Amino acid sequence: MRFESFIRDIPDFPKPGIIFKDITPLLMDAAAFDAALERMTKPYQTGSVDKIVAIESRGFIFGGAMARRLGCGLVLARKPGKLPADAIREEYTLEYGTNALEIHTDSIREDERVVIVDDLLATGGTALASIRLVERLKGNVVGLEFLIELDFLKGRERIRQYPVRSQLHY
Ligand code: AMP
């Protein structure tokens, strides 16, 4: 399965100079979506992961399906003000702007094994904020899974002490 043909480049979205990697063609193809999920869960045995932390919003699509495959819990890392219960927050900068992520304080317990999931790794700011959130709750980040990685933005270097896997590199 070659995923490249299911990723569409949208130039100048959402800002001039950004080439947006549109994953919706992959999501529309049952075999491609399934193959992506298969590869993203492959390194983990059922029972070896306690929680998937999925990053809003496209991370939710992969993270939820991966959690079901691995038989583990799903935790939502959300944009500020979306989570209803007590939450902690980390600020970060991304390829096109600044933002923050929050997770519920009761979502991860000490020493739980956590895999962080998003559709795309760019500068790594989002991933780093997610790692900080998990570690503030004393979780153990055992891996980060992305469908796509923009190698030229060197996000991997900011999170190099963690196992990082991406299915597609640009
Ligand atoms: P970063 O924090 O710079 O690694 O940015 C990663 C986040 O921004 C992910 O949640 C991506 O979905 C989104 N993102 C950044 N750049 C792009 C891009 N060129 N195409 C699609 N999504 C992107």
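Calculation rules
- Residues numbered from 1 in each chain as written.
- Predicted model: local features only at pLDDT ≥ 70, side-chain atom pairs only at ≥ 80, totals over all residues.
- Heavy atoms only, no water.
- Pairing = 2+ DSSP bridges.
- Helix = DSSP H or I, 4+ residues; strand = E, 2+ residues; numbered from the N terminus.
- Axes fitted to C-alpha atoms, helices over the stretch in contact; angles between N-to-C directions.
- Contact = heavy atoms within 4.5 Å.
- Buried < 20%, exposed > 50% of the residue type's maximum accessible area, 1.4 Å probe, protein only.
- Salt bridge = Lys/Arg side-chain N within 4 Å of Asp/Glu carboxyl O.
- Expected span 1.5 Å × (residues − 1).
- Polar contact = N/O pair within 3.5 Å; in protein donor to acceptor, adjacent residues only side chain to side chain.
- Core = buried A, V, L, I, M, F, W, Y, C linked by side-chain atoms within 4.5 Å.
- Phe/Tyr/Trp six-rings, centres within 6.5 Å; stacked < 30°, edge-to-face > 60°.
- Lys NZ or Arg CZ within 6 Å of the ring centre and 35° of its normal.

### Some remarks on the sheet that holds strand β7 (residues 113-121)
Part 1 of the argument: Strand order in the open sheet formed by 5 strands is β4-β3-β7-β8-β9, and the pairing between neighbours is parallel. This sheet does not close on itself; its edge strands, each paired only once, are β4 (73-77) and β9 (164-169). Neighbour-to-neighbour, the strand axes of the sheet open up by a mean angle of 20 degrees, direction not taken into account.
Part 2 of the argument: Alignment of strand β3 (residues 51-55) against β4, held across 5 bridges, turns out to be parallel. Looking across to β4, one finds that Ile55 is bridged to Ala77.
Part 3 of the argument: In this fold helix α3 (residues 58-70) packs onto β3, β4, β7 and β8 (140-149), with an angle of close to 165 degrees to the strand it touches most, β3.

### Let's talk about the environment of Ile103
Part 1 of the argument: With respect to the helices and strands, Ile103 occurs in strand β6 (residues 97-104).
Part 2 of the argument: Owing to a relative accessible area of 0%, Ile103 belongs among the buried residues under this scheme.

### Notes on the side chain of Gln167
Part 1 of the argument: Here Gln167 lies in strand β9.
Part 2 of the argument: Not counting residues within four places of it along the chain, the set of residues in contact with Gln167 comprises Phe3, Arg39, Met40, Glu145, Phe146 and Leu147.

### Re the pattern of salt bridges
Part 1 of the argument: Across all of its chains, the model carries 13 salt bridges by this definition.
Part 2 of the argument: A salt bridge links Asp34 to Arg69; the shortest N-O distance between them is 2.5 Å. Here the residue Asp34 occupies a position in helix α2 (residues 30-41), and Arg69 occupies one in helix α3, the gap between them amounting to 35 residues.
Part 3 of the argument: Taking the relative accessible area as the measure of exposure, Asp34 reaches 42% and is therefore partly exposed.
Part 4 of the argument: Among the residues examined, Arg69 registers a relative accessible area of 31% and is labelled partly exposed.
Part 5 of the argument: The partner of Arg156 in a salt bridge is Glu149, and the shortest N-O contact between them spans 2.7 Å.
Part 6 of the argument: Judged by its relative accessible area of 32%, Arg156 is partly exposed.
Part 7 of the argument: For Glu149, a relative accessible area of 3% gives the class buried.
Part 8 of the argument: In the salt-bridge network here, residues are joined through shared partners; they are Asp34, Glu38 and Arg69.

### Looking at α2
Given 3.6 residues to a turn, an α-helix orients residues that are three or four positions apart in the same direction.
Part 1 of the argument: Relative to the 16 Å expected for 12 residues at 1.5 Å per residue, α2 spans 17 Å between its end C-alpha atoms, a close match to the ideal helical length.
Part 2 of the argument: Among all positions of α2, only Ala32, Phe33, Ala35, Ala36, Leu37, Met40 and Thr41 are buried.
Part 3 of the argument: As for α2, its buried residues are in contact with α1 (24-28), α3, β7, β8 and β9.
Part 4 of the argument: With a side-chain oxygen lying 3.2 Å from the backbone nitrogen of Ala31, the N-terminal cap of α2 falls on Asp29.

### Examining the nonpolar core
Part 1 of the argument: One finds Leu26, Ile52, Phe62, Leu147 and Ile148 to be the most contacted residues of the largest nonpolar core, which totals 28 residues.
Part 2 of the argument: Sorting the residues of this core by element identifies α2, α3, β7 and β8 as the ones contributing at least two each.
Part 3 of the argument: No other element matches the 6 residues that α2 contributes to this core.
Part 4 of the argument: Non-local contacts of Leu26, meaning those with residues more than four positions away in its chain, are made with Phe3, Phe6, Ala32, Phe33, Ala36, Phe62 and Leu147.

### Here we look at the packing of aromatic side chains
Geometrically, a pair of aromatic rings is defined through the distance of the ring centres and the angle of the planes.
Part 1 of the argument: Within the structure shown, the criterion is met by 2 aromatic pairs.
Part 2 of the argument: When the centroid spacing of 5.2 Å and the interplanar angle of 85 degrees are considered together, the rings of Phe13 and Phe20 count as edge-to-face.
Part 3 of the argument: The exposure class assigned to Phe20 is buried, which follows from its relative accessible area of 13%.
Part 4 of the argument: The side chain of Lys21 reaches across the aromatic face of Tyr170, ending 3.6 Å from its centre.

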